[in-house]
Amino acid sequence: MVAGITWPNIVTVTRLSMVFLLVMLAYGDSIWSRLLAALVAVLVIIGDWLDGHLARKLHQSTTLGSVLDVAADRIIENVLWIILADLDLVPIWIPVIVISRGILTDSIRGYALSLGYSGFGKKTMMKSRIGRFITGSPIMRTSYAILKAFSYGWLLLFAVLDEVLVRWPVVATAWVDTGLAIGYWCAIVATIVCIVRGIPVVVEGFKLIQGEGAHA
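So, a few notes on the structure that sits alongside this text. (Residues numbered from 1 in each chain as written. Predicted model: local features only at pLDDT ≥ 70, side-chain atom pairs only at ≥ 80, totals over all residues. Heavy atoms only, no water.)

Focus: the overall build of the protein
Inference 1: Scanning the protein from terminus to terminus reveals seven helices and zero strands.
Inference 2: What you see in the protein, going N to C, is helices and strands ordered as α-α-α-α-α-α-α.
Inference 3: Radius of gyration (C-alpha) of the protein: 19 Å, near the 17 Å computed for a compact globule of 216 residues.
Inference 4: Oriented by its inertia axes, the alpha-carbon framework of the protein measures out at about 65 × 40 × 25 Å.
Inference 5: Within the protein, buried positions represent 45% of all 216 residues. (Helix = DSSP H or I, 4+ residues; strand = E, 2+ residues; numbered from the N terminus. Rg over C-alpha atoms; globule rule 2.2 N^0.38 Å. Buried < 20%, exposed > 50% of the residue type's maximum accessible area, 1.4 Å probe, protein only.)

Now the structure itself:
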């Protein structure tokens, strides 16, 4: 396979492309369009798990793949949280926190990359066992991906059901309200996990920066 063109990178680029389709679907006039947006949101996040799984399974973890994965994650997360906030499905402080956290950790990872370290894989900047577990272990990445996929897809789905009830009251409003509340709290938990996964990057990043400063 041509250098850089690996299956994990193909999955990363594909899911990144899908998020722009999701934006068009989420703001479409048709109810079916928005139902499809919920499905695409789940597929996009599943792709986050899949590219990491393939990288480990096929031993195709590369610095390029790490950079692409982080960039795709940030764009997808930011876009989806902004959409949910714009649709009044989550509070505005969630995308504010997620975006701020992403800028901070990516700035640190960018500096680490200039020193030859990547975010994940064999050349990871994470030196502590707990840091590697929180940021790069399969169980943490998979759990976080599932939590985000559920939050995005669930909220978009119940937002559509809320509109359906206006035309066809086939389900009790209380059920939809409960569904939206579940999605709301899942979004808050996802935000907390997002913050927790960023802490080791900040801690170890500052240690790396201080170490390089001492050698300067």
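A few points about the environment of V67
Inference 1: Among the secondary structure elements, V67 is positioned in helix α3 (residues 63–86).
Inference 2: The partly exposed category is assigned to V67, whose relative accessible area is 39%.
Inference 3: Taking the C-alpha atoms as reference, V67 lies 28 Å from L25; in sequence the two are 42 residues apart.

Observations concerning the pattern of salt bridges
Pairing of side chains with opposite charge becomes possible as their charged atoms draw close.
Inference 1: Counted according to the given criterion, the structure contains eight salt bridges.
Inference 2: Note that R15 and D69 form a salt bridge whose closest N and O atoms lie 3.0 Å from each other. Of this pair, R15 sits in helix α1 (residues 7–26) while D69 sits in helix α3, and the two are 54 residues apart along the sequence.
Inference 3: When its relative accessible area of 2% is taken as the criterion, R15 is described as buried.
Inference 4: The exposure class of D69 is buried, given its relative accessible area of 5%. (Salt bridge = Lys/Arg side-chain N within 4 Å of Asp/Glu carboxyl O.)

Details of the state of the cysteines
Inference 1: For the structure shown, the criterion picks out zero disulfides.
Inference 2: There is no disulfide at C186, and the cysteine sulfur nearest it, in C194, is 15 Å away.
Inference 3: Classification of C186 as buried rests on a relative accessible area of 17%. (Disulfide = S-S within 2.5 Å.)

Topic: helix α4 (residues 93–114)
Helical periodicity: at 3.6 residues per turn, an α-helix aligns residues three or four positions apart in one direction.
Inference 1: Look at α4: 32 Å from first C-alpha to last across 22 residues, which is about the 32 Å you get at 1.5 Å a residue.
Inference 2: Just beyond α4, the residue with positive phi is G116, at close to 100°. (Expected span 1.5 Å × (residues − 1).)

Considering the side chain of T135
Inference 1: As for its placement among the helices and strands, T135 is situated in helix α5 (residues 129–136).
Inference 2: Of the residues examined, T135 reaches a relative accessible area of 3% and is grouped as buried.
Inference 3: Among the polar contacts made by the side chain of T135, one reaches the main-chain carbonyl oxygen of G131 at a distance of 2.7 Å. (Polar contact = N/O pair within 3.5 Å; in protein donor to acceptor, adjacent residues only side chain to side chain.)

Here we look at unusual backbone geometry
Inference 1: One non-glycine residue, D88, lies in the positive phi region at around 60°.
Inference 2: Note that D88 resides in the loop between α3 and α4.
Inference 3: Residue class for D88 comes out exposed when judged on its relative accessible area of 71%.

Here's the deal with the packing of aromatic side chains
Inference 1: All chains considered together, the criterion is met by four aromatic pairs.
Inference 2: Between W154 and F158, the ring centres sit 4.7 Å apart and the planes meet at 35°, which makes this aromatic pair tilted. Placement of both W154 and F158 in helix α6 (residues 138–167) is noted, with a separation of four residues, approximately one turn of the helix.
Inference 3: Considering the side-chain rings of Y184 and W185, the 5.5 Å spacing of their centres and the 85° angle between planes classify their relative orientation as edge-to-face.
Inference 4: In this structure Y184 comes out as partly exposed when scored by relative accessible area, which is 30%.
Inference 5: Since its relative accessible area comes to 54%, W185 is described here as exposed.
Inference 6: Aromatic ring contacts, followed pair by pair, group F150, W154 and F158 into a single cluster. (Phe/Tyr/Trp six-rings, centres within 6.5 Å; stacked < 30°, edge-to-face > 60°.)

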